[in-house]
Amino acid sequence: MKAVLQERVGPPDILRLQEVDRPRAGVGQVLVRVHAAALNPYDWHMMRGDPYAARLMGGMGLSRPKCRVAGIDAAGVVEAVGAGVGGLRPGTPVLGFCAFAEYACATAELVVPKKPERLSFEQAAAVPMGAVTALRGIRTVGRVRSGQRVLVNGAGGGVGTFAVQIAAGLDAEVTGVCSAGSTELVRSLGAAHVIDYAREDFTDRRVRYDVILDNVGNFPPGRLRRALTPTGVLVANCGGSPGRVFGAIGSMLKLAAVNAVTRNSLRPIVPATPGGPAHEDLLAVIALIEAGQVTPVVGRTYSLADTAEAMRHVEEGHSRGKTVITVR
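The shown structure was predicted, so the numbers you read here are calculated from the model rather than taken from an experiment.

A. Up close: the overall build of the protein. Within the protein, the secondary structure is distributed over 10 helices and 15 strands. A buried classification covers 54% of the 328 residues belonging to the protein. With the model as given, the accessible surface of the protein reaches about 14400 Å², and the carbon-plus-sulfur share is 51%.

B. Here's a closer look at the packing of helix 4 (residues 128–141) against helix 9 (residues 279–290). Orientation of helix 4 relative to helix 9, taken along the N-to-C sense of each, is 90 degrees, at an axis distance of 9 Å. Taken together, the axes of helix 4 and helix 9 are roughly perpendicular relative to one another. Residue-level inspection shows Pro128, Ala131, Val132, Leu135, Arg136 and Arg139 of helix 4 in contact with helix 9, the latter providing Asp281, Leu282, Ala284, Val285 and Leu288. Classifying every residue of the contact of helix 4 with helix 9 by side-chain character gives 8 nonpolar, no polar and 3 charged.

C. Structural detail: the nonpolar core. One finds Leu95, Val127, Ile138, Val150 and Val164 to be the most contacted residues of the largest nonpolar core, which totals 53 residues. Among the elements that make up this core, the one with the highest residue count is helix 4 (7 residues). Aside from chain neighbours lying at most four places away, what touches Ile138 is Arg143, Val144, Val150, Ala163, Ile166, Ala167, Leu170 and Leu213. Grouped together as the second largest cluster of nonpolar side chains are 31 residues, Val32, Trp44, Ala74 and Leu304 included.

D. Local environment of the pattern of salt bridges. All chains considered together, the criterion is met by 11 salt bridges. Across the pair Arg328 and Glu102 runs a salt bridge whose closest N-O atoms are separated by 3.9 Å. Within this pair, whereas Arg328 is found in the segment after strand 15 (322–326), its partner Glu102 is found in the loop between strand 5 (93–97) and strand 6 (103–107), the two being separated by 226 residues in sequence. Measuring nitrogen to oxygen at the nearest pair gives 2.6 Å for the salt bridge that ties Arg206 to Asp204. You can call Arg206 exposed: its relative accessible area is 62%. The exposure class assigned to Asp204 is partly exposed, which follows from its relative accessible area of 32%. It is possible to trace a salt-bridge network through shared partners that takes in Asp13, Glu309 and Arg312.

E. The arrangement of the pairing of strand 4 (residues 73–81) in detail. Bridging between strand 3 (residues 29–38) and strand 4 involves 8 bridges; their strand directions are antiparallel. Along strand 4, the bridge assignment pairs Val32 with Val78.

F. Highlighting the packing of aromatic side chains. According to the stated counting rule, one finds 1 aromatic pair in the structure shown. Relative to Phe219, the ring of Phe202 has its centre 5.5 Å away and its plane inclined at 85 degrees; by these criteria the two rings are edge-to-face. Pair noted here: Phe202 is in the loop between strand 10 (193–196) and strand 11 (209–214) and Phe219 is in the loop between strand 11 and helix 7 (221–224), with a separation of 17 residues, a long-range link. With respect to burial, Phe202 and Phe219 carry one shared label: buried. Taking the ring centre of Tyr103 as reference, the NZ or CZ of Arg22 above it sits at 4.0 Å.

G. Representation of helix 9 within the structure. With 12 residues, helix 9 extends 17 Å between its outermost C-alpha atoms, agreeing within 8% with the 16 Å of an ideal straight helix rising 1.5 Å per residue. Turning to helix 9, its buried residues are Asp281, Leu282, Ala284, Val285, Ile286, Leu288 and Ile289. Those residues of helix 9 that are buried are in contact with strand 5, strand 7 (111–112), helix 4 and helix 5 (158–169). Two residues or fewer after helix 9 comes Gly292, characterised by a positive phi angle close to 80 degrees.

H. Structural view of helix 1 (residues 41–48). Turning to helix 1, its buried residues number three or more, namely Asp43, Trp44, His45 and Met47. Where helix 1 is buried, its residues contact strand 3 and helix 10 (307–315).

I. Layout of the packing of helix 1 against helix 10. Relative orientation of the contacting elements helix 1 and helix 10 amounts to 110 degrees, with a least axis distance of 9 Å. Considering the angle they form, helix 1 stands roughly perpendicular to helix 10. Residues Pro41, Asp43, Trp44, Met47 and Arg48 of helix 1 form the contact with helix 10, whose own contacting residues are Met311, Val314 and Glu315.

J. The arrangement of the environment of Asn215 in detail. Among the structural elements, Asn215 can be located in the loop between strand 11 and helix 7. Distance in space between the C-alpha atoms of Asn215 and Val152 is 7.5 Å, their sequence separation being 63 residues. A distance of 3.1 Å separates the side chain of Asn215 from the side chain of Asn237, its partner in a polar contact.

K. Quick look at the sheet that holds strand 12 (residues 228–236). The sheet built from 6 strands is open, its strands ordered 10-9-8-11-12-13 with parallel pairing. Strands with a single pairing partner mark the edges of an open sheet, and in this sheet they are strand 10 and strand 13 (265–268). On average, each strand axis in the sheet is tilted by 15 degrees relative to the strand beside it, whichever way the strands run. Pairing analysis gives 5 bridges linking strand 11 to strand 12, with the strands arranged parallel. Bridge pairing in strand 12 links Asp214 to Ala236. Across the sheet, helix 4 lies against strand 8 (149–153), strand 11, strand 12 and strand 13, angled at about 150 degrees from strand 12, the strand it touches most. Those strands touched by helix 5 are strand 8, strand 9 (173–178) and strand 11, and its axis lies near 170 degrees from that of strand 8.

Criteria and cut-off values
- Residues numbered from 1 in each chain as written.
- Predicted model: local features only at pLDDT ≥ 70, side-chain atom pairs only at ≥ 80, totals over all residues.
- Heavy atoms only, no water.
- Helix = DSSP H or I, 4+ residues; strand = E, 2+ residues; numbered from the N terminus.
- Buried < 20%, exposed > 50% of the residue type's maximum accessible area, 1.4 Å probe, protein only.
- Areas by Shrake-Rupley, 256 points an atom, 1.4 Å probe, with all protein chains shown as cover.
- Axes fitted to C-alpha atoms, helices over the stretch in contact; angles between N-to-C directions.
- Parallel < 35°, antiparallel > 145°, perpendicular 65-115°, else oblique.
- Contact = heavy atoms within 4.5 Å.
- Nonpolar A, V, L, I, M, F, W, Y, C, P; charged D, E, K, R; others polar.
- Core = buried A, V, L, I, M, F, W, Y, C linked by side-chain atoms within 4.5 Å.
- Salt bridge = Lys/Arg side-chain N within 4 Å of Asp/Glu carboxyl O.
- Pairing = 2+ DSSP bridges.
- Phe/Tyr/Trp six-rings, centres within 6.5 Å; stacked < 30°, edge-to-face > 60°.
- Lys NZ or Arg CZ within 6 Å of the ring centre and 35° of its normal.
- Expected span 1.5 Å × (residues − 1).
- Polar contact = N/O pair within 3.5 Å; in protein donor to acceptor, adjacent residues only side chain to side chain.

Below, the structure written as structure tokens:
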């Protein structure tokens, strides 16, 4: 089979499409025939080996990735199941945390047999990390309620497009901050107001928000507080935080420092990584999709052979919706 391999850390050019042996499902695992996969900031952090602190803490290898096959978000069909796996069988459409490959093994709890019928495999692949992160930011951490003013910074991106829909579904008054090219998209997702970040500064104190979900990290926490009500909540998605030494770890430490001296509540989102307790959150997102409240937004699509180019696009930080790899 073909798979996108990463033998060392570095720029997108280190990714190679190669022929490798097809994996076999072990105990507690499923083998998935992947139809589509999606890219996340998490993927380019793993590719680059950033931040260095994560290497020392065991989050990734010191000089090379712990896993040779890149990628995590995917959708496809179960090809085989290992011993001890219940509820999944060959032929079942699934989505979850797999890899950039024609076939991928995953532990059974990292995939769900719930691919909504109305979604293509490309749309389904766009769901796992982005939608779970958005759900946690809006519902779990932000605790958004009906009637609240909610601002989503980075509303046109992979997490932001989900966050706008989830917040609007909770009857919040949503303001989306995005580029000029994404304003109509963000408005169509349920935003009552849209701000072009190049033309307007939402931290100018003219409007105060009950909850701000920051997916961009282009303002320090102290400045974002200007746009909060006195008891407002800042939810920081640190997954794409810059900084080669500390990255998201540094962002969380800054957030904690400011939180200790303010009436506002400043909280990070616990990343929706494959090793985290994402299964129930993923099921909750699928329920929203099946109810028609959320629809994945797929921006650019690439072939498996062009994964390096797709990663380069995501790394630039201006993706519209989710960037997806069509595998077969």
